[in-house]
Amino acid sequence: MFEILSKEILAQSITKFVVRAPYVARKHKAGNFVILRVNDHGERIPLTIVDSDPGEGTITIIAQTIGKTTKLLSLQVKGDFLLDVAGPLGNPTPIHDYGTVVCIGGGVGTAEVYPIAKALKAAGNKLVTIVGARTKDLVILENELREISDEFVVTTDDGSYGMKGLVTNALGNFLKKSGSVQGVYAIGPIIMMKAVSDFTKPLGLKTFVSLNPIMMDGTGMCGACRVSIGGETKFACVDGPEFDGHLVDFEELMTRNRSYMDLEKVSLERFNGEPAGHECRTGAKEAANA
Ligand SMILES: Cc1cc2nc3c(=O)[nH]c(=O)nc-3n(C[C@H](O)[C@H](O)[C@H](O)COP(=O)(O)OP(=O)(O)OC[C@H]3O[C@@H](n4cnc5c(N)ncnc54)[C@H](O)[C@@H]3O)c2cc1C
Ligand code: FES
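Residues numbered from 1 in each chain as written. Chains lettered and ligands numbered in written order. Predicted model: local features only at pLDDT ≥ 70, side-chain atom pairs only at ≥ 80, totals over all residues. Heavy atoms only, no water.

**Some thoughts on the packing of aromatic side chains**
The final tally for this structure, using the stated rule, is one aromatic pair. Aromatic side chains tyrosine 185 and phenylalanine 208 sit 5.1 Å apart centroid to centroid with 25° between the ring planes, which places their arrangement in the stacked category. Residue tyrosine 185 is located in strand β13 (residues 183-187), and its partner phenylalanine 208 is located in strand β14 (residues 207-210); the two are separated by 23 residues in the primary sequence. Taking the relative accessible area as the measure of exposure, tyrosine 185 reaches 3% and is therefore buried. Residue phenylalanine 208 is classed as partly exposed on the basis of its relative accessible area of 23%. Here lysine 136 stacks its cationic end above the ring of tyrosine 161, 5.2 Å away from the centre of that ring. (Phe/Tyr/Trp six-rings, centres within 6.5 Å; stacked < 30°, edge-to-face > 60°. Helix = DSSP H or I, 4+ residues; strand = E, 2+ residues; numbered from the N terminus. Buried < 20%, exposed > 50% of the residue type's maximum accessible area, 1.4 Å probe, protein only. Lys NZ or Arg CZ within 6 Å of the ring centre and 35° of its normal.)

If you want it as structure tokens, here you go:
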């Protein structure tokens, strides 16, 4: 059992948890994720390890509430226990001093790019960070990223904060004025990672994306996380989650992620519809915390 030591609401539907998980904290490297179950009737969901403190034996995870399990997770409070936290999983991001790198986070992907940005900065790179969100209230980890970045730009779709526009506009502006960039790391909605990869491909600018297919076991056995990279089948959990963005079949990934949409909707509706106090199979916590 893995105790929740703190909980913080970062933005509407985005929650940060610090969880006691000493073995995971000891082995964590940037780019790793965990697969967790909230309770013994719950499904397994992958979440990036945003930060870790091996001394304290803690890891930080940040989750956006989009379906049943992330909703259930969002209802947990300090002092509750998560049933399993398996990890660290996935290949760590190769970290070297490349020169100048641009880290781009879209929405909750900002939390996922943060550990990579931090490690790249610590390795000596000049770090340019671009954070994109639909609107001001959804910008997360601004202070943390500003602090480690040599240049920092926020873009919002509605212009309510920072530059109005998309992260690709900000990347274009930076490339125009600066010239030389050795690598781009883009994490966020699939459509955003595709847009960044399409933008950088003709420029020959190496671009890495972290893929978020549906995962189950996280150990390369179930095949749920199958993705096509340069025409080859890979499993994101053991071969990734980070891949060369110019080789990813994003259309296939979007189609596969939509496979269970109807069932996921029903599952969330049932979860939301449980009468208060009902002892449901997904955990009765929501009634207590409502
Ligand atoms: C390696 C990896 C790391 C991740 N890290 C984070 C993280 O740090 N923070 C975070 O908030 N999320 C992260 N995700 C995504 C997270 O795992 C999903 O949002 C979660 O599994 C959804 O579960 P659910 O039951 O709440 O929603 P579901 O009911 O499963 O899905 C609800 C809706 O979201 C869509 N969806 C389902 N799975 C995914 C997915 N994997 N990615 C995007 N959309 C999806 C569905 O199409 C559906 O419409 C990560 C995914 C991977 C593979
Ligand atoms: S999650 Fe099962 S093979 Fe990757």
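**Considering the sheet that holds strand β12 (residues 163-164)**
The strand order β12-β11-β10-β9-β13-β14-β17 describes an open sheet built from seven strands, whose pairing is mixed. Looking at which strands have only one partner, the edges of the open sheet turn out to be β12 and β17 (242-244). For strand β11 (residues 151-156) and β12, the ladder comprises two bridges, and the chain directions are parallel. Within β12, the residue paired with threonine 156 across the bridge is lysine 164. (Pairing = 2+ DSSP bridges.)

**Here we look at the sheet that holds strand β5 (residues 51-53)**
Here we have five strands laid out as an open sheet, ordered β5-β6-β2-β1-β7, and antiparallel in their pairing. Strand pairing shows two members of the sheet lacking a second neighbour, β5 and β7 (81-82), which therefore form its edges. Relative to strand β6 (residues 58-64), strand β2 (residues 14-20) is paired through seven bridges, and the arrangement is antiparallel. Looking across to β6, one finds that lysine 16 is bridged to isoleucine 62.

**Some thoughts on the domain arrangement of the protein**
Each assigned domain of the protein is listed here: domain 1 (2-89), domain 2 (93-203) and domain 3 (211-262). Summarising the inter-unit geometry, the C-alpha centres of domain 2 and domain 3 are found 23 Å apart. Between domain 2 and domain 3, the contact holds twelve residues from the first and ten residues from the second. Summing both sides of the interface, domain 2 and domain 3 together bury roughly 880 Å²; the carbon and sulfur share of this comes to 68%. Across the domain 2-domain 3 interface, the total number found is zero salt bridges. Inspection of the domain 2/domain 3 interface yields four residue pairs in polar contact (both at pLDDT 80 or more). No other element matches helix α6 (residues 190-200), which puts six residues into the side of domain 2 that touches domain 3. (Domains from an automatic or database assignment. Contact = heavy atoms within 4.5 Å. Buried area = accessible area lost by both parts, 1.4 Å probe. Salt bridge = Lys/Arg side-chain N within 4 Å of Asp/Glu carboxyl O. Polar contact = N/O pair within 3.5 Å; in protein donor to acceptor, adjacent residues only side chain to side chain.)

**Things to note about the side chain of threonine 100**
Here threonine 100 shows up in strand β9 (residues 100-106). The residues contacting threonine 100, other than those within four sequence positions of it, are Lys126, Val128, Phe174, Ser180, Val181, Gln182 and Gly183.

**Details of the site of ligand 1**
In the vicinity of ligand 1 there are 23 residues, among which Glu43, Pro46, Ile62, Gln64 and Thr70 approach most closely. Within the backbone of glutamine 64, a nitrogen or oxygen atom sits 2.7 Å from an oxygen atom of ligand 1. For ligand 1, a nitrogen atom lies 2.9 Å from a polar atom in the backbone of asparagine 212. Here ligand 1 has 880 Å² of accessible area as a free molecule, and 85% of this is covered by the chains. When residues of the shell around ligand 1 are traced back to their parent elements, those giving at least two are β4 (45-48), β6, α2 (68-74) and α9 (261-273). Per-class residue counts for the shell around ligand 1 are twelve nonpolar, seven polar and four charged. Each of two domains, domain 1 (2-89) and domain 3 (211-262), supplies a minimum of three residues to the shell around ligand 1. (Near = heavy atom within 4 Å. Areas by Shrake-Rupley, 256 points an atom, 1.4 Å probe, with all protein chains shown as cover. Nonpolar A, V, L, I, M, F, W, Y, C, P; charged D, E, K, R; others polar.)

**Concerning the pattern of salt bridges**
This model, assessed by the stated rule, comprises 13 salt bridges. Of the charged contacts, one joins glutamate 232 and lysine 234 as a salt bridge, the two residues approaching to 3.4 Å between their closest N and O atoms. Several salt bridges converge on common partners, so that one network encompasses Lys126, Glu151 and Lys177.

**What to know about the layout of surface pockets**
The space that makes up the second largest pocket amounts to roughly 160 Å³. Along the walls of the second largest pocket sit Ala25, His28, Lys29, Ala30, Val50, Asp51, Ser52, Pro54, Pro115, Lys118 and Ala119, which together make up its complete lining. Secondary-structure elements contributing two or more residues to the lining of the second largest pocket are β5 and α3 (109-122). A total of three residues in the lining of the second largest pocket trace back to one element, the largest contributor, which is α3. For the lining of the second largest pocket, the residue count by class is six nonpolar, two polar and three charged. (1 Å grid on protein atoms, 1.4 Å probe; cavity = no way out; pocket = protein on both sides within 12 Å on 5 of 7 lines; lining within 4 Å. Points joined across faces, edges and corners; volume = space filled by probe spheres on them.)

**Re unusual backbone geometry**
In this structure, the amide linkage connecting glycine 87 to the following residue, proline 88, adopts the cis form with an omega of 0°. Tracing the chain through its elements places proline 88 in strand β8 (residues 84-89). Following glycine 240, the chain continues into proline 241 via a peptide bond in cis, with omega recorded as 10°. Within the fold, proline 241 resides in the loop between α7 (236-239) and β17. Phi angles above zero are rare outside glycine, and serine 13 is one such case at about 75°. Inspection of the secondary structure assignment puts serine 13 in the loop between β1 (2-11) and β2. Overall, the relative accessible area of 34% leaves serine 13 in the partly exposed class. The backbone of leucine 141 sits at a positive phi, close to 55°, despite the residue not being glycine. Among the secondary structure elements, leucine 141 is positioned in the loop between β10 (126-133) and α4 (142-148).

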